[in-house]
Amino acid sequence: MRNNRNGRKSVVRRLVLVGVTTVVAAVGGVALAEVVSGRPAPSPSFNGPVYALAHRGDVVYVGGNFTGALIGGKTVARQRLAAYDARTGALLAWNPGADATVRALAVDGTTVYAAGDFDKVAGMARDAVAAIDAGTGKPTTLKHTVLGQPNALAVGNGRLYMAGRLTSVDGAPRTNLAAFSLATGALDGWAPTTDNTVNALAVYGNRVYLGGGFHKTNGVSSTLRLTAVDGSTAQLDKSFLPKPVSQVFALTADANGVYAALGGQGGRAVAYTFGGAARWTRVFDGDAQAIATLDGTTYVGGHFDKACTTTNNGVKGVCTDGSVPRVKLAAVDGAGNLTDWAPQANGVVGVRTLAANPAIGLLGIGGDFTTVAGSAQKRYAAFGGPNSPEAGPVAPASPYVASYNFDSTVTDGTFDDGSGHGHLLKALAVNGGAVRTVPHGAGQGIAFPAKCAGTACARVVLQATDVPDLNPGRKDLRYGANVLLSPAETSSGENVMQKGYSTAGGQYKLQVDGISGKPSCVLSDKTDPAIHVAKSQTSVADGDWHTIECRRTGTTLSILVDDKESASATVPATLEVVTAQPLSIGGKGTGVNNDQFHGSLDDVWISVG
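Residues numbered from 1 in each chain as written. Predicted model: local features only at pLDDT ≥ 70, side-chain atom pairs only at ≥ 80, totals over all residues. Heavy atoms only, no water.

1. Some points on the confidence of the model for the protein chain
The share of residues in the protein chain with pLDDT of 70 or more is 91%, and the mean pLDDT across the chain is 89. Low pLDDT, under 50, characterises residues 1-33; the predicted model gives this stretch 128 contacts beyond four residues in sequence or across chains. A low-confidence stretch, residues 391-396 (pLDDT under 50), is modelled with 22 contacts involving residues beyond four sequence positions or located in other chains. (pLDDT = per-residue confidence, 0-100. Contact = heavy atoms within 4.5 Å.)

2. Here's the deal with the side chain of Ser-491
As for its placement among the helices and strands, Ser-491 is situated in the loop between strand S40 (477-484) and strand S41 (493-501). When residues no more than four places from it in sequence are discounted, the contact partners of Ser-491 are Lys-451, Asp-513, Gly-514, Ile-515 and His-598. (Helix = DSSP H or I, 4+ residues; strand = E, 2+ residues; numbered from the N terminus.)

3. Observations regarding the environment of Ser-43
Mapped onto the elements of the fold, Ser-43 is located in the loop between strand S2 (32-36) and strand S3 (45-46). Relative accessible area serves as the criterion here: at 17%, Ser-43 is assigned to the buried category. Ser-43 sits 557 residues away from Ser-600 along the chain, and the two C-alpha atoms are 35 Å apart. Apart from residues no more than four positions distant in its own chain, Ser-43 is found in contact with Tyr-84, Gly-89, Gln-377, Tyr-380, Ala-381 and Ala-382. For Ser-43, the side chain forms a polar contact with the side chain of Gln-377, separated by 3.0 Å. (Buried < 20%, exposed > 50% of the residue type's maximum accessible area, 1.4 Å probe, protein only. Polar contact = N/O pair within 3.5 Å; in protein donor to acceptor, adjacent residues only side chain to side chain.)

4. Digging into the side chain of Ser-520
Relative to the helices and strands, Ser-520 resides in strand S43 (residues 518-524). Side-chain polar atoms of Ser-520 contact the side chain of Asp-513, separated by 2.6 Å. Apart from residues lying up to four places away in sequence, Ser-520 is in contact with Lys-509, Leu-510, Gln-511, Asp-513, Val-533, Ala-534, Lys-535 and Ile-559.

5. Here we look at the state of the cysteines
Applying the stated criterion across every chain yields a total of 3 disulfides. In this model Cys-308 forms its disulfide with Cys-319; the gap between the sulfur atoms is 2.0 Å. Negative torsions about the S-S bond denote left-handed disulfides, and the value of about -75° found for Cys-308 with Cys-319 makes this one left-handed. Taken together, the residues span a long stretch of sequence, with Cys-308 in strand S27 (residues 306-308) and Cys-319 in the loop between S27 and strand S28 (323-325) at a distance of 11 residues. Judged by relative accessible area, Cys-308 falls into the buried class, the value being 0%. On the basis of relative accessibility, which here comes to 14%, the residue Cys-319 falls in the buried class. Each sulfur of the disulfide joining Cys-452 and Cys-457 lies 2.0 Å from the other. An S-S torsion of about -80° defines the bridge between Cys-452 and Cys-457 as left-handed. Ordinal numbering of bonded cysteines along the protein chain defines a disulfide pattern of 1-2, 3-4, 5-6. (Disulfide = S-S within 2.5 Å.)

6. A look at the sheet that holds strand S10 (residues 111-116)
Read across the sheet, 3 strands follow the order S9-S10-S13 without closing on themselves; strand pairing throughout is antiparallel. The open sheet has two free edges, formed respectively by strand S9 (102-108) and strand S13 (129-133), since each of these has just one partner strand. Strand after strand, the sheet turns through a mean of 25° between neighbouring axes, direction not considered. Sheet topology places S9 next to S10; 6 bridges connect them, and they run antiparallel. Residue pairing for S10: Ala-104 is matched across the bridge by Ala-115. (Pairing = 2+ DSSP bridges. Axes fitted to C-alpha atoms, helices over the stretch in contact; angles between N-to-C directions.)

Structure representation (structure tokens):
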């Protein structure tokens, strides 16, 4: 499964449930479900994304692209690998370190397996896959040369299974799948094939379940996106061919069947029998990226903000028969009913990974969020377990008035609003201007037209019509985006996002100024055209992705670059933005001097209050 979300569950239910609340489902049917508390248990936070989780007894192992664990307001160095004690919440001394992103983890006995983009672990050469002592943090002798990017690990049948976009291991051809002996660490002969990337693995018995964007397994047509192969022979199991409607991002399996998290036009969580028949389906307004089961409940994570009340959604991914708020996290009972468990995880990307530990009743979540259930919890949180609070919040609203991850479009070029408020973005263009999609992380961003001089240049902006909730008035305001800009793409001024003008109702704006490529945040009042600017002293025009945030708190306007405050300015306490102008992304309009943005954007968002 993806990022080692194996989630294998004991057939015998635990008689004593730790940190578990009994809830009656109210959406899609009535059933009794046992869910973990909606309030996070004590645990570390992290200063970068968490991609992978694994459990060994009371210890939780964490992998990702962080460089430190956050404990009591202090940063403790941890290079992309860390561990903590789930009973106390304390960070452990285990600290092997990796020199690049860890995308997947698995545990077998006293060994922690890691896979990802790294070349070194604990300072020792380890190409993309490593075995690490679970106690000392020292790498074992397992060492291979991997050509490609691993996405997932799983253990079973005496093997460590690895999946991703792979072409060879130690010079031996491997088409997206490989395995190693748990006993010796040697490359195993197990070598099924797929015609495209495998995102997820799950092992149950002698079956290995594969999930991804492929259409063929072992060269067999119509074996698409979710299949099963024999864990020893790699032979395709033709008795399990569910053919899900869209790409599979995550898998888990338990005694009741197989569970998949899907993307597409609105995400889906689907439970299948071992024969491949769908037992139930839940639909969301954004991709489902993570899935785990614990004590009969299925937990789903992703970058969605709403769960549809039926399995119907429209061409724009919108729930056509009604929806309920479920911000990045949801829980489904054994009959497929949505429970009222709904802790909020903020952020646009949201939750990347889930992992359950049935022995102690713990559910771990990882991703890009910074708050959960209304409290600061950066990029990792745990629910249930021996330290679980008793109760939790139910069905919170989205923290955004608008958010755009650009991962889903419709044929007319409209981009959906992930906040659930319906502020769709529509492209306005002249001279053949258009945005195009570009890969970013697990999804995609958008690129604007190239730099050009003259009146005939291609120009395009994305606009959402004016509505009252996009006007902050005098309230605190935060807005931001992920920006990719090269030195060759800068100009005298490029607008990332803007609502309003300084001469007409005030404005808030994020722009990149001048050839130097330094971003700035701008505010002006509805009756006073004077502008107030917080300009970063750091350029973002270096060809890398950067996170930029503008933040008005009372009389302070500040700009943050990559989560660090870069500059600030004082604004009047009476400053008020109330404008009838549309929200515009990528420029202020389609006129000749439109301050056209020429780079790439992703994860654009606005939060008021």
